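# Observations on the three-dimensional arrangement
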Amino acid sequence: MKKLLTAVSTATLLAATVPAMADGERFVFVSHAPDSDSWWNVIKNALEVASDQVGVTVEYRNPPTGDLADMARIVEQAAASNPNGIIVTIADFNVLQGPITSAIGQGIPVITVNSGTIDQSKQLGALLHVGQPEYDAGKAAGERAKAEGVTKFVCVNHYITNPASVERCQGYADALGVELGSQMIDSGMDPAEVKNKVSAYLTANPDTNGILTLGPNSADPTIAALNDMGKAGQIHFGTFDLDADISQAIKDGTIAFAIDQQPFLQGYLPVVLLTNYARYGVIPPNSVNSGPGFVTKDNIEMVEAQAGTYR
Amino acid sequence: MTDERLQQVSKLRNALIRPELGATAGAVLVFAFFLLIAGDSGMFALQGIENWTVVSAQFALIAVGACLLMIAGEFDLSVGSMIGFAGTVIAILSVQWGWPIWAAILVSFAICIAIGGLNGFLVIRTGLPSFIVTLASLYILRGLTIWLSILTTRQTIIGGVKEAAQGDWLAAVFGGKILTGFFAWMGGNGWIATFSQGPKAGQPVVSGVPMLVVWAVALILFGHLLLTRTKFGNWIFAAGGDAQAARYVGVPVSRVKVLMFMFTAFCACVFATCQVMEFGSAAADRGLLKEFEAIICVVIGGALLTGGYGSVIGAALGALIFGVVQQGLFFSGAESSLFRVFLGTILILAVILNTYIRRMITGER
């Protein structure tokens, strides 16, 4: 009888959680991020905006601990519930290959986003991929830097084991038309270590006139190093991603631009594209690059106001 | 009639003090509930059934080990880390070192069971609560796993196991499926759904019963028979009920407990092997929080945290409830972050029920 109580109270709880079924199509967005990852909040907000605008239901699912094997189960589950489309990150090609190809084999349209490459997306048979190609993002940064006169640079790589990081540096070098060679330094993650390595490099190579950092982990200590050396604002400085220190540096003129992969688009576009595919059968034939978007002194105010919600 | 041992016990009371009764009623209610609210969502179509069966079977694998250990009066918090560790060992041995998969699996099992034995040995020797000892192994194993995989591959995910496992006899025991012919035949007759496009077009969407499920059923049966039909089963109850009293009557308490730690490690390794064979890769973050999920299943299934009381069937039903609720919430379209609210609620109500039952049995106030 206690069990009955259990059931009654759980039933009430559940009933409260079941949302009213909206008309229109139902899509499932499966990410690899654990609950604690706040970066994905932007994507959740984008899903909400898109589903409101086009009148569909989008369910956001993720493995609570970030366990990719659990994520594979979620993709299988999504396929079993027969949605009108699935949007999924390719966090690990090996693990997700089976579940994603099965879903596609059942005739469910799939768009891949964020992690993974366009090639992997094609290999799975997905409609298209929405993400930021790392090499191209680095190249776009390099083109901007070249226009502003950079000829010799240092790429501060704090995550050298990740192939994507190396591609960013490579793209930057290629855009400048110079060899990457020893201009990419393995800085490690420790802030003091990064700072010292950057100082040492700039002292040893005083003709360096460009810096690329790959995220807050390498950007923040580099800003500190430049301030200490009195070189802030003297050297062209671009970075990936944003945080409080980086936006302050953009306002100060220390950093010329920050590259934003615009996660909003990774949530918004797939929903709109899949809806139109379900309703009218139209879909762009090629993958979409959500980034690089550039954050500079001109738009930093707007970006800061929306940081964490839409940017 | 003054002798309480001869006293008549009412049928109702007798039924109520069975540990799995609560879980049985709970399972029935959970199914009824989801049939009602998610009956047409694909949850009870074949593909949906496969989905929650596999998830429940995963929980059951580790719940059986945790259940026997808990009845023997101990905890193992290192189950989740053990899953990550075992998988990574298999992947490193097979992919990086080029060992045949069967050898990698066997060695991984040997290492895991040895670590389980070490856990038990430390608990017995130091007299420390197993909670603390296995909490230490939780951290040690997780750290070792990350270090080992970074050291050998510079990554925390090791892929390529599927290619290495191609045609291996032992890999099929963990990652294969049975009854595939039967399912293909049903698919061919159009009785079950088949793929409509892509490389697998024409094959059934559900191609067989995964070995994971077979392992879970086998372990549940083994655990149940061991506990209820053998002398060793009585020893497990005795060791967890009152270790000192059990020693006085000649039960080898230390041996029973160490063996149960080893069995728990074995179950974790089965879980890890099935996972690695199915997905073809191992990752250092696999199995996070699984130790608590195992304990939750066992507790929903009616075992007492203090040991000496519980049932494997109950734990299996607990795993079923856990799996069905987790996947069912998804099928019913509820917000996924509320799943934990729901789980916590079930857990606390189950524990309240269990405490009530214990008072009924022991008569304590």
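This report concerns the structure included in the present document.

### Considering the nonpolar core
- Formed by 134 residues in total, the largest nonpolar core has its most connected members in Phe174(B), Ile236(B), Met277(B) and Val325(B).
- Ignoring sequence-local partners within four residues, the contact set of Met277(B) consists of Ile90(B), Ile101(B), Ile105(B), Val161(B), Lys162(B), Ala165(B), Ala171(B), Phe174(B) and Gly175(B).

### What about the pattern of salt bridges?
All names here are of chain A.
- Per the stated rule, a full pass over the model turns up 16 salt bridges over all chains.
- Across the pair glutamate 59 and arginine 26 runs a salt bridge, and its minimum N-O distance is 3.1 Å. Placement of the pair is glutamate 59 in strand β2 (residues 57-61) and arginine 26 in strand β1 (residues 26-30), with a sequence separation of 33 residues. Residue glutamate 59 shares its accessibility class with arginine 26, and that shared class is buried.
- Across the pair lysine 152 and aspartate 207 runs a salt bridge whose closest N-O atoms are separated by 3.9 Å. Highlighted residues: lysine 152 in the loop between α6 (134-147) and β6 (153-157) and aspartate 207 in the loop between α8 (191-204) and β8 (210-213), separated in sequence by 55 residues.
- Look at aspartate 207 and you get partly exposed, because its relative accessible area is 46%.
- Three or more residues are tied together by salt bridges with common partners; here these are Arg26, Glu59 and Arg61.

### Some words on the side chain of Thr254(A)
Residues and elements named next belong to chain A.
- In this structure, threonine 254 sits in the loop between α10 (244-252) and β10 (257-260).
- Given the relative accessible area of 7%, threonine 254 is considered buried.
- Discounting residues that sit within four places of it in the chain, threonine 254 has contacts with Leu226, Ala232, Gly233, Ile235, Phe237 and Ala249.

### Description of the environment of Gln275(B)
- Examined against the element boundaries, Gln275(B) turns out to sit in helix α13 (residues 253-279).
- By relative accessible area, which is 3% here, Gln275(B) ends up buried.
- A sequence separation of 192 residues divides Gln275(B) from Ile83(B), and the C-alpha atoms of the two residues are 9.1 Å apart.
- Residues within four places of Gln275(B) in sequence aside, it is in contact with Ala69(A), Gln58(B), Ile83(B), Gly280(B) and Arg286(B).

### Thoughts on the interface of chain A and chain B
- Tallying the contact residues gives 46 residues for chain A and 56 residues for chain B.
- In this assembly, chain A packs against chain B so that about 4300 Å² is buried in total across both faces, 60% of it on carbon and sulfur atoms.
- Summed over the shared surface of chain A and chain B, the number is three salt bridges.
- Mapped by element, the contributors of at least two residues to the side of chain A that touches chain B are α1 (2-17), β2, α3 (68-80) and α4 (93-105) of chain A.
- The element contributing the most residues to the side of chain A that touches chain B is α1(A), with eleven residues.
- Looking at the side of chain A that touches chain B, its residues break down into 21 nonpolar, 15 polar and ten charged.

### Some thoughts on a nonpolar patch on the surface
Residues and elements named next belong to chain B.
- A cluster of nonpolar residues, Ile178, Leu179, Phe182, Trp185 and Trp191, forms a patch on the protein surface that exposes about 560 Å² of accessible area.
- Along the polypeptide, tryptophan 191 turns up in the loop between α9 (180-188) and β3 (209-210).
- Given the relative accessible area of 55%, tryptophan 191 is considered exposed.

### Focus on the packing of helix α4 (residues 79-96) of chain B against helix α6 (residues 130-153) of chain B
All names here are of chain B.
- Contact geometry for α4 and α6: axes closest at 8 Å, N-to-C directions at 25°. When the interaxial angle is binned, α4 and α6 end up roughly parallel. Every pair of crossing elements has a handedness; the one defined by α4 and α6 is left-handed. Where α4 approaches α6, its residues Gly80, Ser81, Met82, Gly84, Phe85, Thr88, Ile92 and Gln96 are matched on the opposing element by Ser137, Leu138, Leu141, Arg142, Leu144, Thr145, Leu148, Ser149, Thr152 and Thr153.
- For the contact of α4 with α6, a count of residues per class yields seven nonpolar, ten polar and one charged.

### Side note on the state of the cysteines
Residues and elements named next belong to chain B.
- Inspection of every chain in the model, using the stated rule, returns one disulfide over all chains.
- Take cysteine 67: it sits in no disulfide, and the sulfur closest to it among the cysteines is that of cysteine 297, at 10 Å.
- Of all cysteine sulfurs, the one in cysteine 112 lies closest to cysteine 269, which takes part in no disulfide; the gap is 3.7 Å.
- Cysteine 269 sits in the buried class, given a relative accessible area of 0%.

Rules of the game
Residues numbered from 1 in each chain as written. Chains lettered and ligands numbered in written order. Predicted model: local features only at pLDDT ≥ 70, side-chain atom pairs only at ≥ 80, totals over all residues. Heavy atoms only, no water. Core = buried A, V, L, I, M, F, W, Y, C linked by side-chain atoms within 4.5 Å. Buried < 20%, exposed > 50% of the residue type's maximum accessible area, 1.4 Å probe, protein only. Contact = heavy atoms within 4.5 Å. Salt bridge = Lys/Arg side-chain N within 4 Å of Asp/Glu carboxyl O. Helix = DSSP H or I, 4+ residues; strand = E, 2+ residues; numbered from the N terminus. Buried area = accessible area lost by both parts, 1.4 Å probe. Nonpolar A, V, L, I, M, F, W, Y, C, P; charged D, E, K, R; others polar. Patch = residues over 30% accessible without salt bridge, like charges linked within 9 Å, V, L, I, M, F, W, Y side chains within 5 Å. Areas by Shrake-Rupley, 256 points an atom, 1.4 Å probe, with all protein chains shown as cover. Axes fitted to C-alpha atoms, helices over the stretch in contact; angles between N-to-C directions. Parallel < 35°, antiparallel > 145°, perpendicular 65-115°, else oblique. Left-handed = near helix turned anticlockwise from the far one by under 90°. Disulfide = S-S within 2.5 Å.

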